[in-house]
Amino acid sequence: MADAPTTEARLTGTVPLYKTVEPLNRTKHKTYGVKSIAQPFSFLKDWHFVPAIAGEFTVASGSYPIIFLGDKKMPVLVMGLRQGTNVFVNADGQFDTDHYVPAYVRRYPFVSASNPMDQPSTVCVDVDAPFVVKKDPDVPFFNEEGEPTEYTSKAVEFVSAFENDAKITESFVERLTALDLFEQKNVRVADPNNPDNTITVAEYWGVSDEKFANLPTEKLVEMHKNGDLLAISAHLISLQRWERIMRRVSVQQQAAAAPAAKA
């Protein structure tokens, strides 16, 4: 997976965080690598959510709301209310270390891409990631013999594991969909211009408490054995984290308004 095949790998759709993705190749990228930068998480600051895998639901639920988006009910970790505002990354490009760093973020700048004719997927790299450089890296992708460095080998292992976990997550969502457990939910807050009214700040898919509570005992036992029960419980608990998101958004808005008020 650490060297591009003769047939070009393919990424479909928009992949959050990634800009210019190229199949990792020992010839094309022989001088490439990563370099330490002052703002290591600057690539994340404009993204208000990142995709999630079911295996991280329990630990992520302590930091972020876990919700499902779109027709495919893709699970994501909420990190802000709108594009361009990640409330866990500060102006200096630093991540709030009190909170869990999502697997999707830790995988960056690498990603897997499918190949035609059922060939194994290929590891790709975002060459426009802020810490990826074309020459003189602190940590190169390949050594002088053209072999993957320890850094690259570990990255390939992580990408492979993430790809497998993503497939497991897709199956998890399919099982919940088959059980008709999803319902549309929203987050509403008081309208600052009219306290008697509320406004919707987020809409998403989530597991219905009522439908979940009415599942037959034998189904719950089955879900306990396959891990679905733990993941659903973590999702439902995580929805309490909307309050944290709203509080952080409010703090950021107040900080942004302060200079204007002084002026």
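See the structure shown above.
On a predicted model such as this, the values are computed, not experimentally measured, just so you know.

Rules used in this analysis
Residues numbered from 1 in each chain as written. Predicted model: local features only at pLDDT ≥ 70, side-chain atom pairs only at ≥ 80, totals over all residues. Heavy atoms only, no water. Helix = DSSP H or I, 4+ residues; strand = E, 2+ residues; numbered from the N terminus. Expected span 1.5 Å × (residues − 1). Buried < 20%, exposed > 50% of the residue type's maximum accessible area, 1.4 Å probe, protein only. Axes fitted to C-alpha atoms, helices over the stretch in contact; angles between N-to-C directions. Parallel < 35°, antiparallel > 145°, perpendicular 65-115°, else oblique. Contact = heavy atoms within 4.5 Å. Nonpolar A, V, L, I, M, F, W, Y, C, P; charged D, E, K, R; others polar. Pairing = 2+ DSSP bridges.

K.L.:
Help me understand helix H3 (residues 150–178) in this model?
P.N.:
Along an α-helix, a turn takes 3.6 residues, which lines up residues three or four apart on a common side. Taking 1.5 Å of rise per residue, 29 residues should cover 42 Å, and H3 covers 42 Å from first to last C-alpha, within 8% of that figure. For H3, the set of buried residues is Thr152, Ala155, Val156, Val159, Phe162, Thr169, Phe172, Val173 and Leu176. In the stretch just after H3, aspartate 180 is the one whose phi turns positive, near 55°.

K.L.:
Mind showing me how you'd approach the packing of H3 against helix H6 (residues 228–238) here?
P.N.:
In a pair of packed helices, the angle between the axes and the distance between the axes together describe the arrangement. In contact at an axis separation of 11 Å, H3 and H6 are set at 85° when each is read in the N-to-C sense. Relative to H6, H3 is oriented roughly perpendicular. Here H3 contributes Phe172, Arg175 and Leu176 to the contact with H6, which in turn contributes Asp228, Ala231 and Ile232. For the contact of H3 with H6, the per-class residue count stands at four nonpolar, no polar and two charged.

K.L.:
Help me understand unusual backbone geometry in this model?
P.N.:
Only a minority of non-glycine residues have a phi that is not negative, and only a minority of peptide bonds are not trans. Between tyrosine 108 and the following residue, proline 109, the backbone shows a cis peptide bond with an omega angle of 15°. For proline 109, the location among the structural elements is in the loop between helix H2 (103–107) and strand S6 (110–113). With a phi close to 85°, leucine 17 is a non-glycine residue in the positive phi region. Tracing the backbone through its elements, the reader meets leucine 17 in the segment before strand S1 (21–23). Taking the relative accessible area as the measure of exposure, leucine 17 reaches 2% and is therefore buried.

K.L.:
Explain the pairing of strand S5 (residues 74–78) to me, please; I cannot follow it from the model alone.
P.N.:
Looking along a regular strand, one sees side chains alternate from face to face of the sheet. With four of its five residues buried, S5 lies for the most part within the structure. Direction of pairing for strand S3 (residues 49–51) relative to S5: antiparallel, over a ladder of three bridges. Note on S5: the bridge partner recorded for proline 51 is valine 76. As defined by bridge partners, strand S4 (residues 66–69) adjoins S5 across four bridges and the pair is classed as antiparallel. From the neighbouring strand, leucine 69 faces S5, where its bridge partner is methionine 74. Count of turn residues in the S4/S5 antiparallel hairpin: four residues, of which glycine 70 carries a positive phi of about 75°.

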